[in-house]
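Results of the structural survey
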There are 2 protein chains.
Amino acid sequence: MVSKLKRVLIGRPMKNAEIEGEKLSKLKALAVLSSDALSSVAYGTEQILIVLMAAGFTAVWYSLPISLAVLGLLFILILSYRQTIFAYPGGGGAYIVAMDNLGTSTGLLAGGSLLVDYILTVAVSSSAGTDAITSAFPSLHEHRVAIALIMITVLTIMNLRGVTESASVLAIPVYLFVIAIVILILSGIVKALTGGIDAAAPAIGTSVSNVSLFLLLKAFSSGCSALTGVEAVSNAIPNFRKPAERNAAATLMMMGGILGFMFIGISLLAYWYGIAPDPKVTVVSQIAESTFGRGVLYYSIQGITALILFLAANTAYSAFPLLAFMLAKDKYMPHAFMVRGDRLGFSNGIIFLGVFSAILVASFKGNTENLIPLYAVGVFIPFTISQLGMMLRWLRLKPQGYAVKFVINMIGMLTTLSITLIFIITKFSQVWTVFLFLPAVMYIFHSINSHYMNIADQLRIDIKTEKPCIKGNTIVVPVAGVTRVVKQSLSYAKSMTDNVIAVYVGFDDESIERMEAKWEEWSPGVRLVTLRSSYRSIIRPVLKFIDTVEWKTAETDHVTVLIPQFITRHWWHNFLHNQSSLLLRAYLYNRKDVVIATVPYHLQR
Amino acid sequence: MVSKLKRVLIGRPMKNAEIEGEKLSKLKALAVLSSDALSSVAYGTEQILIVLMAAGFTAVWYSLPISLAVLGLLFILILSYRQTIFAYPGGGGAYIVAMDNLGTSTGLLAGGSLLVDYILTVAVSSSAGTDAITSAFPSLHEHRVAIALIMITVLTIMNLRGVTESASVLAIPVYLFVIAIVILILSGIVKALTGGIDAAAPAIGTSVSNVSLFLLLKAFSSGCSALTGVEAVSNAIPNFRKPAERNAAATLMMMGGILGFMFIGISLLAYWYGIAPDPKVTVVSQIAESTFGRGVLYYSIQGITALILFLAANTAYSAFPLLAFMLAKDKYMPHAFMVRGDRLGFSNGIIFLGVFSAILVASFKGNTENLIPLYAVGVFIPFTISQLGMMLRWLRLKPQGYAVKFVINMIGMLTTLSITLIFIITKFSQVWTVFLFLPAVMYIFHSINSHYMNIADQLRIDIKTEKPCIKGNTIVVPVAGVTRVVKQSLSYAKSMTDNVIAVYVGFDDESIERMEAKWEEWSPGVRLVTLRSSYRSIIRPVLKFIDTVEWKTAETDHVTVLIPQFITRHWWHNFLHNQSSLLLRAYLYNRKDVVIATVPYHLQR
């Protein structure tokens, strides 16, 4: 049943050799890995304008130089990550770079920060996508948590089906979004050049009395939220078709070009139209309305924008499992994250991401807006770390022309560091939890690592000297009566050794005498020891008896407890039987150094 | 932790020999077993008056002859159950009597009916007790479900602590209730005799135009709800001190006397005061107010009445586990109900009763009034069956003076049968579910029984011919690498037999070659078979391999799968390890006839 359902939802299992077919071409990779970054266009300009409006409408012209600065930062980040891709063709982004150049703790800080961030991405994006849906159909508003959870479930299942399949499905809305925004920008530019726009905005350079550097920095950092997601490509290099690093670099450049064009285009149009942010209508919506009026084109752009916001979550589904795999390979996360599922994806990472983001959505009841600053901080910390790591790498390796590369990374590092600090200072009330969960995550990583190291230590064998050695055998068989199950167990035990002891626990003298008489009549050739239990417990007397046997024979013999057990045909039949044998096994298993063997007797009816 | 909490709540475990100390004296038995019956006094007369009022206030005088009829029925029931106690000193009431005289199906009908009824008793009584509390403190009304559930929890824990302990606690309110009602009746009689009451009621014999036989029967059957609970004593004979049947009979007579006196006294006072039923004030409350005014005595009687209604549930806690024990002994209920807990009570029955009545209370949100008719039917069906069984017994055994005994039981049978039919006819909409759940319960009983019979059949051994026989041995050891755990497992396997095969599953040629090289270097003296898994499953290749081994050696050898396993120090460490070995064991356990052995390797850190 369960496995049939799994087949329908996930598809047939795939062979190891099929993994190359699951790799991404450049165009599919662009769709899968850029939805997070590209969707930022839908709100990036708006974030800048909202901050600037604090200084009045005349200050909105500052959005142009700030947008250019963001574009510059994007350019630097793209260059920097392009350098990273070629330096680390195995993939990994911030985690690998930091591990390699800045040491374990910094690496774990970057990795943990990103992992938590991907969970936030899914929670925030699916809530945002739901908001877009419920804006169109207000009657669905009361079901928003359910809708967000359904979306997360759909994304999880799509990703469990495999990377290429989800890429095929997801490519369409991503490219539709790009086409729609490009058409919007081009139409706007044509309209502007043909004089179709009455200049409404204050001229560039208009002096504004109360614009402070702090305000401009805050506007800049808010605009930088448009840059979240650009790191996804460098994390996902192993998902690319060969030559992976070349394809990844090309994809990164394409993404940077598209993102930059769309971002600066939207900012420009917003300035030309003299748009002020409105809590009820988004900037993109205002631009679309001014350009096309409220027609089919307007509604298409709105619909596609809603869809891309939701799909932004999918980027996290590509990046999280890969990063978790890398941490698991380094023994900082459970081995389970290294296992490839039936469809060759890292199923456990996908499921973990789905479950935790669903918990976040459910516990915030779908109102995840407050998580956005936290999410931005979570991205810019690893950005900064990654740039710093690259700087040290250049200084260490000193390849040809490393000075330029160093400067690029330094500018990037200083900018992303400033943005991180500005975020922390200006929005401390929303991001302070980062100071709790990052240390917590790092503590967990370290605990897991030291556990694995400990175990490896204890299991390691000296291949030269430690060989298996032969000992004698004593087998203890707890029996509850004279039945076929007992006969089968004794047959097995007697085949193994002559030292077989059957143990019977009785609650009163009468039952013990009856058992002894029956045993004598049967005479199976095995000694029966009877124990009397005053407290109606079977487990305790048996454990005590095994202690005695162990103490007598530990030097010479292996001690085996052989548990006769009949297996019912249906699991619910187990409610009809006292589970003493299971309980006994659990006790022995956890406490004793005896071998526990079960001779199953399968009932036919 | 859990076991410490258990000690605090339940008390220290008791020895088998202490069971005699847990038996009840007559006075304690009266308190434990009669609270259900005695509490009926609080509403019995009222039930009669409510029905009569349908024919107008002049009809209320009929309550006196009807009360006398109920008293007569009580007398017959007490006599009848007294006969049962001596006929069946092992206890059991309706179930045993029916099993013995009317056959299995009727016995199960009586037993199932009573078991369901005890669950209803707890649910209805705890809800009624809660209503009494929330009447006094209306602000608690919204927490009524929680209060009822807390009460059920307290009762369950008290009963898990043991019969005598709960008897000591519960005796006080029961006797207080008896004393309070007796004082009330005596004061009322004194007041009436001294002319303190203005006769307000219609004279006895006043002709009432619209009183039908149907109405009178309905009033009679409603009054009979005061008789629920009288069967408890005969069910619980094994709980009495020796001589159990003499003590039980004496307790039954005491209970009958007290119940009869209180019931007829209340009815008489109600008539003298000319009391009409009022949905907001109970009849007992009206009598108490008319007798004492709203003073300390009035409030004491109200408080004690509320308490006894709640404690009525405790009777079910004595009766249910014993009846379940009897059904389990006859293999109609799971063996678990035969196990005596730490405090020598049948803990599983007590817990089952608590859990199911709590579920009822929760699913009816505390409004269990509609269950009362169902509950009455559930009592009168076994009453009728029990009487019928006793009739057949007298006819069969023909002891001295059996004619009188036969007539007593016949009158009882006819009366209880009529009451059952009247209930079903007049309140069909509330009791129809009995026709669903009684067949369902009987079906479950029969299924359980046939399962046990089947298993006994399959496990039965011919003690003369079937003896253990000796075979060879092949041991398969799945290995994941060369570690201490593997060394320990191989040592064990080699001590058992020379036919040991280690199996390794690899996902690619590289890992397989590495393993083979390492094995050769180690040379533990055991053949290594390597399997390649295209689908990244370890279980499936191992299962297939074991199939092959079984097929080759089934005739001559036992096949053992020896699973090396390290045991982590803390259970949560298990999340860090792939549980392939547990999964493999579960598969083998359910599907194969191979012996499964675990060599545990306990990690120290």
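Quick note: structure is the one above.
The paragraphs below set out a description of the structure included in this document. (Residues numbered from 1 in each chain as written. Chains lettered and ligands numbered in written order. Predicted model: local features only at pLDDT ≥ 70, side-chain atom pairs only at ≥ 80, totals over all residues. Heavy atoms only, no water.)

1. Quick look at the pairing of strand β1 (residues 472-478) of chain B
Residue and element names in this part refer to chain B. Burial analysis of β1 places six of its seven residues in the buried class, the great majority of the element. Where β1 and strand β4 (residues 557-567) come together, five bridges link them in parallel fashion. Across the sheet, the residue bridging to Ile-475 is Thr-560, located in β4. Inspection of the sheet shows β1 paired to strand β2 (residues 500-506) by four bridges, in the parallel sense. Its bridge partner being in β2, Val-477 is matched across the sheet by Ala-502. On the question of chirality, the crossover connecting β1 to the parallel β2 by way of helix α19 (residues 484-496) is right-handed. (Buried < 20%, exposed > 50% of the residue type's maximum accessible area, 1.4 Å probe, protein only. Helix = DSSP H or I, 4+ residues; strand = E, 2+ residues; numbered from the N terminus. Pairing = 2+ DSSP bridges. Right-handed = clockwise from strand over helix to strand, strands pointing away.)

2. Thoughts on the interface of chain B and chain A
You'll often see interface size given as the accessible area lost when the parts meet. Contact with chain B, which involves 83 residues of that partner, is made by 83 residues of chain A. Taking both sides of the interface into account, the surface hidden between chain B and chain A amounts to around 7,400 Å²; carbon and sulfur atoms contribute 56%. The largest contributions to the chain B side of the interface with chain A come from Gln-458, Arg-536 and Tyr-589 of chain B, which together make up 10% of the buried area. In this structure, the connection of chain B to chain A is made through six salt bridges. The shortest N-O distance in the salt bridge between Arg-484 of chain B and Glu-466 of chain A comes to 3.1 Å. (Contact = heavy atoms within 4.5 Å. Buried area = accessible area lost by both parts, 1.4 Å probe. Salt bridge = Lys/Arg side-chain N within 4 Å of Asp/Glu carboxyl O.)

3. Things to note about the packing of helix α3 (residues 44-52) of chain A against helix α11 (residues 244-272) of chain A
The description of two packed helices rests on the angle between their axes and on the distance between the axes. Residues and elements named next belong to chain A. α11 packs onto α3 with a crossing angle of 45° between their chain directions and a minimal axis gap of 9 Å. In terms of orientation, α3 lies oblique with respect to α11. As for how α3 packs across α11, the hand of that crossing is right-handed. Mapping the contact onto sequence places Gly-44, Thr-45, Ile-48 and Leu-49 in α3 and Phe-263, Ile-266, Ser-267 and Ala-270 in α11. The class makeup of the residues in the contact of α3 with α11 is five nonpolar, three polar and no charged. (Axes fitted to C-alpha atoms, helices over the stretch in contact; angles between N-to-C directions. Parallel < 35°, antiparallel > 145°, perpendicular 65-115°, else oblique. Left-handed = near helix turned anticlockwise from the far one by under 90°. Nonpolar A, V, L, I, M, F, W, Y, C, P; charged D, E, K, R; others polar.)

4. Things to note about the side chain of Arg-536 of chain A
Mapping Arg-536 of chain A onto the fold places it in the loop between β3 (527-532) and α21 (539-553). Side-chain polar atoms of Arg-536 of chain A contact the backbone oxygen of Arg-340 of chain B, separated by 3.3 Å. Setting aside chain neighbours within four positions, we find Arg-536 of chain A in contact with Phe-507 of chain A together with Met-14, Lys-15, Asn-16, Arg-340, Gly-341, Asp-342, Arg-343 and Leu-344 of chain B. (Polar contact = N/O pair within 3.5 Å; in protein donor to acceptor, adjacent residues only side chain to side chain.)

5. Some remarks on the sheet that holds strand β1 (residues 472-479) of chain A
Reading across the sheet, the ten strands line up as β3(A)-β2(A)-β1(A)-β4(A)-β5(A)-β5(B)-β4(B)-β1(B)-β2(B)-β3(B) and stay open at both edges, with mixed pairing between neighbours. In this open sheet, the two strands that pair with only one neighbour each are β3 of chain A together with β3 (527-532) of chain B. Looking at each pair of strands side by side, their axes are set apart by 25° on average, direction ignored. Two strands pair when backbone bridges link them, and β1 of chain A and strand β2 (residues 500-506) of chain A are joined in this way by five bridges, in the parallel orientation. When the bridges of β2 of chain A are listed, Val-476 of chain A appears paired with Ile-501 of chain A.

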